[in-house]
Amino acid sequence: MTGYTETDSKGKAATKANKRLALKRANAVRDQLRKLGVKAPISTVGAGGVNGLGKGQKFNRRVVIVVRY
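Since we're looking at a predicted model, the values are computed, not measured.

(A) Representation of a nonpolar patch on the surface within the structure. A grouping of Ile-65, Val-67 and Tyr-69 is seen on the molecular surface, where their side chains present a nonpolar patch of about 460 Å² in accessible area. Note on placement: Ile-65 falls in the segment after β3 (63-64).

Following this line, the structure appears as structure tokens:
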């Protein structure tokens, strides 16, 4: 599970903050899945800022879930 944030910011401080926010976002989704009863192992990663998908900022604030079986 990978969390992303929207960014136009540059620099080490912005990169670090975006990774932290992205990880927090992924962890929130993981916690919600746990509350719903998902017992499978879930790993989370904060990818940090991205320059966008070209569909507006709300689509860049996201969590991508990859299911492997």
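(B) Focus on the layout of surface pockets. Here the largest pocket is characterised by a volume of approximately 360 Å³. What lines the largest pocket is a set of 14 residues, among which Pro-41, Ile-42, Val-66, Val-67 and Arg-68 lie closest to the centre. When grouped by side-chain class, the residues that make up the lining of the largest pocket number 11 nonpolar, 2 polar and 1 charged.

(C) The packing of aromatic side chains, seen in detail. Under the counting rule described, the total for this entry stands at 0 aromatic pairs. The cationic tip of Arg-62 hangs over the ring face of Tyr-4; the distance from NZ or CZ to the ring centre is 4.2 Å.

(D) Focus on the sheet that holds strand β1 (residues 2-6). Ordered in space as β2-β1-β3, the 3 strands form an open sheet in which the pairing is mixed. Where the open sheet ends on each side, the last strands, each with one partner, are β2 (45-50) and β3. Two strands pair when backbone bridges link them, and β1 and β2 are joined in this way by 5 bridges, in the parallel orientation. Residue pairing for β2: Thr-2 is matched across the bridge by Val-45. Across the sheet, helix α1 (residues 12-35) touches β1, β2 and β3, and the angle it forms with β2 is around 130°.

The rules behind each value
Residues numbered from 1 in each chain as written. Predicted model: local features only at pLDDT ≥ 70, side-chain atom pairs only at ≥ 80, totals over all residues. Heavy atoms only, no water. Patch = residues over 30% accessible without salt bridge, like charges linked within 9 Å, V, L, I, M, F, W, Y side chains within 5 Å. Areas by Shrake-Rupley, 256 points an atom, 1.4 Å probe, with all protein chains shown as cover. Salt bridge = Lys/Arg side-chain N within 4 Å of Asp/Glu carboxyl O. Helix = DSSP H or I, 4+ residues; strand = E, 2+ residues; numbered from the N terminus. 1 Å grid on protein atoms, 1.4 Å probe; cavity = no way out; pocket = protein on both sides within 12 Å on 5 of 7 lines; lining within 4 Å. Points joined across faces, edges and corners; volume = space filled by probe spheres on them. Nonpolar A, V, L, I, M, F, W, Y, C, P; charged D, E, K, R; others polar. Phe/Tyr/Trp six-rings, centres within 6.5 Å; stacked < 30°, edge-to-face > 60°. Lys NZ or Arg CZ within 6 Å of the ring centre and 35° of its normal. Pairing = 2+ DSSP bridges. Contact = heavy atoms within 4.5 Å. Axes fitted to C-alpha atoms, helices over the stretch in contact; angles between N-to-C directions.

In short, the description is geometric, and any link to function would need to be established separately.
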